[in-house]
Amino acid sequence: MLRGAQRPDLVRDELLAEIFAASVAAHAGSTCHIVDGRAVTYAQVDASATAIARGLVRRGIRAGDVVGLWMQRGGDLLTAQIAIAKTGAAWLPFDADAPIERIAVCLKDASARLLLAEAHHSGDTSLDMPCPVVGTPELIDLTDATVIDARALGARPDMPAYMIYTSGSTGVPKGIVITGQNICHYLRSANEVYGLVSSDIVFQGASVAFDLSMEEIWVPYLVGAALFVATPKIMGETDRLPEIMDAAGITVLDTVPTLLAMLPRDVASLRIIILGGEACPPTVAARWSRPGRSIFNSYGPTEATVVATVALVRPGEPVTIGGPIPNYSCYVADDALNLVGRGVDGELLIGGPGVAKGYLNRAPLTAEKFIVNPYASDGSDPILYRSGDAVVMEANGEIGFRGRIDDQVKIRGFRVELGEIEAKLAEIPGLSQAAVVLRNDDGVDQLVAFIVTDKAAQVTLEARNLRTMLRERLPAYMVPGRYESIAELPRLSSGKVNRNQLKRMELSSEGPTEEQEEP
């Protein structure tokens, strides 16, 4: 068992809107967003967000409500996020290219009151959403001077601040509810480790549908730093990213190891690199280590609010996920929940102020994954989250990451339930069986779908067509890059699919990667 530094001063009665308001008061004239070369101050962002918040309140949005957020990457999206926080409501974010069907399912499950979207989506009846779709321009009324106060609208720290939907093993996404108390504590706790300051310029490149973005966006807000907001065009030009970062004077990069590995050269201005979302290869860490630069390897499931453990990466030393951040705790246990000794693999259980309330409308799953702490404790972690991750407590007290215990995987920083992809494949006519695994071939992680066609159907299922059909139903990161047609799926004696055999199976030489997966 490991316990992070005890810092009761980091647990406060506060809301996200109040954290942003404090930075506006302290750094009104400082740069908040840099978008397309234009700097926008904290005071200007606050004024724009307040105008949108007034419009949301006129639409009846109050504390405790859920508002969908579906906009293109950019400053307008970030301003809309702040606006929702100002009302005391929780936002439910979606990627700009998320499938319509999935958005509708999540909005309905969350009982969302409104979907805040691009202006051209407003009033589009073809979207078939379970709630009204509104563009930010139509919410703004310059004659409205109503004072917006989340507390006055009924907000409390124990209410939802945002929701993240991750893929579910049954084929239906599951919503994770993060409260204001969860996230506000996390921001302060995390920065005790990272040490961002008001003079930092932080590269903002993560999708708001990925909870790493909360760290990337709101820790800078906490200290009054500037966000360099990467547009879709910038994110699509990986080779030019170092040049762009150099020109902007980026000092902090918070990203997944995959993106860092793709950058062709170093960025001299970087003083802090925060890695997370997936396992960090030692070669990546070694390549980017420099005197005067701190590299952190972070780990944390969404259910524990962004990040639960952090390690300082040192050249020549094994890369671990370190230990719990302030006020968090970690336990390593066997299947029967008996604590195991150092050097013994077990499941990681996480406790502390970041542990979420559970899954929305999923009482049985919540009871299974969020358990009453069965161990001797000081009372600061009454509920533990069973991560499903296999780890080992090393002799030096740091935690080594081993991988998933179940069939959930991480790719490009996103958590994916392979069962959800398989459920969508099973809906395709002519396909009788399907199994999806995460493979690493030639040093590249990719999802590979092994399919068995229905002989009676006498149809040809080409990879190109399968990909097209899945893209209409799943986010891009969940669409397999390769499809292997086999006679039957290998199975264990239990009858379950033998995924380890699929991971080792030789892939066909037919259909080069260039034809199977777009760059």
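Summarised in this report is the structure supplied together with it.

Cut-off values and rules
Residues numbered from 1 in each chain as written. Predicted model: local features only at pLDDT ≥ 70, side-chain atom pairs only at ≥ 80, totals over all residues. Heavy atoms only, no water. Helix = DSSP H or I, 4+ residues; strand = E, 2+ residues; numbered from the N terminus. Polar contact = N/O pair within 3.5 Å; in protein donor to acceptor, adjacent residues only side chain to side chain. Contact = heavy atoms within 4.5 Å. Pairing = 2+ DSSP bridges. Axes fitted to C-alpha atoms, helices over the stretch in contact; angles between N-to-C directions. Buried < 20%, exposed > 50% of the residue type's maximum accessible area, 1.4 Å probe, protein only.

## Observations regarding the side chain of E303
Then, in step 1: Structurally, the position occupied by E303 is in the loop between β14 (294-299) and β15 (309-312).
Then, in step 2: Polar side-chain contacts of E303 include one of 3.2 Å to the side chain of Y385.
Then, in step 3: Sequence-distant contacts of E303, that is, excluding residues within four places in its chain, are made with K174, I176, G354, V355, A356, Y359, F370, Y385 and R415.

## Some details on the sheet that holds strand β26 (residues 444-453)
Adjacent strands of a sheet form backbone hydrogen bonds with each other and so pair up, either parallel or antiparallel.
Then, in step 1: On the basis of which strands lie adjacent, the open sheet formed by 3 strands has the order β25-β26-β27 and mixed pairing. Each having just a single partner strand, β25 (431-441) and β27 (482-485) make up the two edges of the open sheet. On average, each strand axis in the sheet is tilted by 25° relative to the strand beside it, whichever way the strands run.
Then, in step 2: In this sheet, β26 lies alongside β25 in antiparallel orientation, the contact comprising 10 bridges.

## So, helix α12 (residues 418-426)
Given 3.6 residues per helical turn, the α-helix brings residues three or four places apart onto the same face.
Then, in step 1: Most of α12 sits out of view: 7 of its 9 residues are buried.
Then, in step 2: Within the sequence span of α12, burial applies to L418, G419, E420, I421, E422, K424 and L425.

## Some thoughts on unusual backbone geometry
Glycine aside, a negative phi is what most residues show, and trans is what most peptide bonds show.
Then, in step 1: Even without being glycine, S111 reaches a positive phi, approximately 55°.
Then, in step 2: Mapped onto the secondary structure, S111 falls in the loop between α4 (100-109) and β6 (114-117).
Then, in step 3: Unusually for a residue other than glycine, V306 sits at a positive phi of about 70°.
Then, in step 4: Along the chain, the position of V306 falls in the loop between β14 and β15.
Then, in step 5: Of the residues examined, V306 reaches a relative accessible area of 5% and is grouped as buried.

## Details of the side chain of D144
Then, in step 1: Structurally, D144 is set in the loop between β7 (133-135) and β8 (160-166).
Then, in step 2: Assessed through its relative accessible area of 12%, D144 is described here as buried.
Then, in step 3: Within the structure, D144 has its side chain in polar contact with the side chain of R58 (distance 2.5 Å).
Then, in step 4: Among the polar contacts listed, one links the side chain of D144 to the side chain of T146, at a separation of 2.6 Å.
Then, in step 5: If we ignore the near neighbours within four places in the chain, the residues touching D144 are R54 and R58.

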